[in-house]
Amino acid sequence: MSIEVRIVEGEVPARAAGRPGPGVGSVIVFEGCVRGEERGRAIRGLAYEVYEVMAERELERLAREALARHGLTALRVWHSRGFVAVAGCSLRVEVDSPHRMEGLRALQEFIDALKRDVPIWKRPEWAGGPA
Amino acid sequence: MEVRVRLFGPAAELAGAGAVTVQVDPGCDEAALRSRLGESVPALAPLARQGRLAINHAFARPGQVVTGGDEVALIAMVSGG
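Below you will find a few notes about this structure. No experiment lies behind these values; they were computed from the predicted model shown. (Residues numbered from 1 in each chain as written. Chains lettered and ligands numbered in written order. Predicted model: local features only at pLDDT ≥ 70, side-chain atom pairs only at ≥ 80, totals over all residues. Heavy atoms only, no water.)

The helix and strand tally for chain B stands at 3 helices and 5 strands. The C-alpha radius of gyration of chain B comes to 11 Å, within 12% of the 12 Å expected for a compact globule of 81 residues. Dimensions of chain B along its principal axes, counting C-alpha atoms only, are 35 × 25 × 20 Å. Put simply, chain B has 81 residues, and 49% of those count as buried. (Helix = DSSP H or I, 4+ residues; strand = E, 2+ residues; numbered from the N terminus. Rg over C-alpha atoms; globule rule 2.2 N^0.38 Å. Buried < 20%, exposed > 50% of the residue type's maximum accessible area, 1.4 Å probe, protein only.)

Within chain A, the secondary structure is distributed over 2 helices and 7 strands. Secondary structure elements in chain A, listed N-terminal to C-terminal, are β-β-β-β-α-β-β-α-β. For chain A, buried positions account for 47% of its 131 residues. Taking the intrachain contacts of chain A between residues at least 6 apart in sequence as the baseline, contacts between residues at least 24 apart amount to 80%. Counting 20 positive and 19 negative side-chain charges, chain A places the averaged centre of each group 2 Å from the other. (Contact = heavy atoms within 4.5 Å. Lys, Arg positive; Asp, Glu negative; His and termini not counted. Charge placed at Lys NZ, Arg CZ, Asp CG, Glu CD.)

Geometrically, a pair of aromatic rings is defined through the distance of the ring centres and the angle of the planes. In the structure shown here, the tally under the stated rule is 2 aromatic pairs over all chains. Considering the side-chain rings of Trp-121 of chain A and Phe-8 of chain B, the 5.0 Å spacing of their centres and the 5 degrees angle between planes classify their relative orientation as stacked. Here Trp-121 of chain A, found in strand 7 (residues 120–126), pairs with Phe-8 of chain B, found in the loop between strand 1 (2–6) and helix 1 (9–15), and the two come from separate chains. The two residues Trp-121 of chain A and Phe-8 of chain B agree in class, both being buried. An aromatic cluster is built from Tyr-51 and Trp-121 of chain A together with Phe-8 of chain B, whose rings are joined through pairwise contacts. (Phe/Tyr/Trp six-rings, centres within 6.5 Å; stacked < 30°, edge-to-face > 60°.)

Residue and element names in this part refer to chain A. Between its terminal C-alpha atoms helix 2 (residues 100–117) stretches 25 Å, which fits the 26 Å expected from 18 residues at 1.5 Å a residue. Of all the residues in helix 2, the buried ones are Glu-102, Gly-103, Ala-106, Leu-107, Phe-110, Ile-111, Ala-113, Leu-114 and Asp-117. One face of helix 2 carries all of its buried residues, which in axial projection span an arc of 165 degrees. (Expected span 1.5 Å × (residues − 1). Arc of directions from axis to C-beta.)

Another point: the interface of chain A and chain B. Chain A puts 20 residues into the contact, and the matching count from chain B is 21 residues. Interface area, chain A with chain B, both sides summed: about 1600 Å², of which 56% is carbon and sulfur. For the interface between chain A and chain B, the tally reads 1 salt bridge. A salt bridge links Asp-117 of chain A to Arg-52 of chain B, with the nearest nitrogen and oxygen atoms 3.0 Å apart. Put simply, chain A and chain B have 13 residue pairs in polar contact (both at pLDDT 80 or more) between them. (Buried area = accessible area lost by both parts, 1.4 Å probe. Salt bridge = Lys/Arg side-chain N within 4 Å of Asp/Glu carboxyl O. Polar contact = N/O pair within 3.5 Å; in protein donor to acceptor, adjacent residues only side chain to side chain.)

Take the sheet that holds strand 1 of chain B next. Residue and element names in this part refer to chain B. An order of 2-1-5-3-4 is seen for the 5 strands of this open sheet, with the pairing classed as mixed. The open sheet has two edge strands, strand 2 (19–23) and strand 4 (58–59), and neither has a second partner. One ladder, built from 4 bridges, connects strand 3 (residues 52–55) with strand 5 (residues 72–75); its direction is antiparallel. Bridging across to strand 5, Leu-53 finds its partner in Leu-74. (Pairing = 2+ DSSP bridges.)

Residues and elements named next belong to chain B. Among the residues of helix 2 (residues 30–40), those classed as buried are Glu-30, Leu-33, Arg-34, Leu-37 and Gly-38. All buried residues of helix 2 lie within an arc of 140 degrees about the axis, which places them on one face of the element. Those residues of helix 2 hidden inside the fold are in contact with strand 1, strand 2, helix 3 (45–50), strand 3 and strand 5. The opening residue of helix 2, the one whose side-chain oxygen lies 3.2 Å from the backbone nitrogen of Ala-31, is Asp-29.

Over the atoms, a rolled probe matching the size of one water molecule traces out where space is still vacant. Here the largest pocket defines a volume of roughly 230 Å³. Considering the residues around the largest pocket, the lining is formed by 14 residues, among which Lys-122 and Arg-123 of chain A together with Gly-9, Pro-10 and Glu-13 of chain B are closest to the centre. Those elements that provide at least two residues to the lining of the largest pocket are strand 4 (41–50) and strand 7 of chain A together with helix 1 of chain B. Within the lining of the largest pocket, the residues separate by chemical class into 7 nonpolar, 2 polar and 5 charged. What the second largest pocket holds in volume is close to 200 Å³. Of all the secondary structure elements, the ones that give two or more residues to the lining of the second largest pocket are strand 5 (74–85) and strand 6 (89–97) of chain A. It is strand 6 of chain A that provides the largest number of residues to the lining of the second largest pocket, a total of 3 residues. (1 Å grid on protein atoms, 1.4 Å probe; cavity = no way out; pocket = protein on both sides within 12 Å on 5 of 7 lines; lining within 4 Å. Points joined across faces, edges and corners; volume = space filled by probe spheres on them. Nonpolar A, V, L, I, M, F, W, Y, C, P; charged D, E, K, R; others polar.)

The structure is reproduced here in structure tokens:
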């Protein structure tokens, strides 16, 4: 079982190629992207503020809980800090598990918990506003 | 005793600062500190009531006592992902 947590500056980089371990029958990859509007108003991107030490600890705690509860093989998560332009990836979660169902459940629960417990805030930067 | 409370996101915008310092009695617990925070900075009162405090990078437990050397933060209206 393994956990990887990364807070990165700007857009989350593209997923690296790799092959899962022999016990893994399902690899689920979720990428959260920046939409072009917030509350009906066009934006050029989102600025993420991260309470860094705590955010990393909370992500690790939630990942450990997900592994234990769902019998996952691995959970890897990347989240942005700073500015991410529209269409950029600001969150990627990869869940490895023996079968797909536990991976799908774990992914849903993990992201719900992230949005509740991890100290990260996003602020829209409006289209046409200062660069 | 003085306790410095770090602020982020909407809380920092409401307070106009990234941290505020509040005076509390020794032995103050997290609920009393949230109440004191709302009294000291009325603009933060709703978030102090609804939000959670973190003490030394972990969510405070009910009844947890705050000491002067702790790093305290108000965690409210998170919006990651």
